[in-house]
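Architecture and fold: a report
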Amino acid sequence: QLSDLHDPFLMKDMDKAVERVERAVRNREKIMVYGDYDVDGTTAVALVYKFLRQIGHKDLLFYIPDRYTEGYGISTKGIDHAARKGATLIIALDCGIKAIEKVDYAKRKGVDFIICDHHLPAEEIPRAVAVLDPKRADCSYPFDELSGCGVGFKLVQAYCQKNGIPFQQIEPLLDLLAVSIASDIVPITGENRILAYYGLKQLNSNPSLGLKGIIDICGLTGKEITISDIVFKIGPRINASGRMMNGKEAVELLLSKDSASAREKSESINQYNEERRELDKKITDEANAVIDEVE
């Protein structure tokens, strides 16, 4: 049951993270939601961005680094962009646990960081306002296999808990979380099992417009969507955006507010997926030809 989910405040630094978000909302600070270009990162950005928009915070922007020019994780370019746009808080999702120098650099620019990650930390933890990562050695959170989007969701859950927002209000966001859990291949046990189960229910009964666009283009309309459908059909299409172009387009799709733009963006992302398949096939054929020559 959803009532079996763990108390988010059991996670190290959660109280600090919630306090910093509350201050940003109260003072109408500009918040940048930052995440990686894969499915886990883009769904996490969409989830946290949607929630902040839902509670009426308007001064928002999101940032997805370019796979080819910036690479994985927090980039100096992203921090510079935040500072230039006047953002004073970056919520980093699915990345940042090793961004020690980058977090210090941001601080010098007047930008605070909240890190929501699920990767294994190094010895040193970044000097961010809060570092949420169930894999931290000093974190006693009972479940350490959350996806990056899952850690972002726990921040949202904690904010709601502290501010008297009913859980039902954030339940519609679980469709994004189910997509991240399946696509990131985290174990579907414990808390992930609960989140994936209710996320699939949401995905089948009332998906967000962006995910509905992908469901339609995958030919899954009217069918019972399973974890396998996410892994092999929905996830690869979201991923293709970050591989062939920039994950920014995937986030724009997941944040769609009307069906027409969701359909248009889904078609564009589907095209990237076709191109990715052709490229994969070409590379495989070339590799096979090299092997044949050697033999």
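Above this text is the structure in question.
One structure accompanies this document, and this report is about it. (Residues numbered from 1 in each chain as written. Predicted model: local features only at pLDDT ≥ 70, side-chain atom pairs only at ≥ 80, totals over all residues. Heavy atoms only, no water.)

**Overview of the overall build of the chain**
Test applied: Working definition: helices are DSSP H or I runs of at least four residues, strands are E runs of at least two. Numbering for both runs from the N terminus. Each radius of gyration is computed over the set of C-alpha atoms, and the globule rule expresses the reference value as 2.2 Å times the number of residues to the power 0.38. Any residue under 20% of the maximum accessible area for its type is buried, any over 50% is exposed, and the rest in between are partly exposed; the area is computed with a 1.4 Å probe on protein chains only. Contact criterion: two residues are considered in contact whenever any of their non-hydrogen atoms come within 4.5 Å of each other. The method behind every accessible area is Shrake-Rupley, applied with a 1.4 Å probe, and residues are considered shielded solely by the protein chains displayed. Under the convention used here, Asp and Glu are negative, Lys and Arg are positive, and both His and the chain ends fall outside the count. The location of each charge is read from NZ of Lys, CZ of Arg, CG of Asp or CD of Glu.
A count of helices and strands for the chain gives eleven helices and five strands. Against the 2.2 N^0.38 benchmark of 19 Å for 295 residues, the chain shows a C-alpha radius of gyration of 19 Å, consistent with a compact globule. Taken over the C-alpha atoms alone, the chain extends approximately 60 × 40 × 35 Å along its principal axes. Residue burial in the chain is summarised as follows: out of 295 residues, 54% are buried. Put simply, 69% of the contacts in the chain that link residues at least 6 apart link residues at least 24 apart. Entry remark: accessible area of the chain is about 13,300 Å², with carbon and sulfur atoms responsible for 49%. Of the charged side chains in the chain, 39 are positive and 46 negative; the average position of the first set lies 6 Å away from that of the second.

**A short note on the pattern of salt bridges**
Applicable threshold: Any carboxyl oxygen of Asp or Glu within 4 Å of a side-chain nitrogen of Lys or Arg constitutes a salt bridge here.
The tally for this structure, following the rule as stated, stands at 15 salt bridges. Here R136 and D138 are joined by a salt bridge, their closest N and O atoms 2.9 Å apart. Exposure remark for D138: the relative accessible area of 44% places this residue in the partly exposed category. The shortest N-O distance in the salt bridge between D285 and K281 comes to 2.9 Å. Residue D285 and its partner K281 are both found in helix α11 (residues 259–294); the two are separated by four residues, about one turn of the helix. Here D285 falls in the partly exposed class, since its relative accessible area comes to 39%.

**Observations regarding the sheet that holds strand β4 (residues 112–116)**
Each strand in a sheet pairs with its neighbour through backbone hydrogen bonds, running either in the same direction (parallel) or in the opposite one (antiparallel). Formally: Following DSSP output, two strands are said to pair if at least two bridges run between them. Interaxial angle, 0 to 180 degrees, is taken between N-to-C directions of lines fitted to C-alpha atoms, where a helix line uses only the stretch in contact.
A sheet is described by the order of its strands in space; here five strands give the open sequence β2-β1-β3-β4-β5, paired in parallel fashion. A strand with exactly one partner marks an edge of an open sheet, and here the two such strands are β2 (60–63) and β5 (130–132). Neighbour to neighbour, the strand axes of the sheet diverge by 20° on average, direction disregarded. Pairing geometry for strand β1 (residues 30–35) and strand β3 (residues 87–93), over six bridges, is parallel. Bridging from a neighbouring strand, G35 pairs with L93 of β3. Against the sheet, helix α2 (residues 39–54) engages β1, β2 and β3, with an angle of about 160° to β1.

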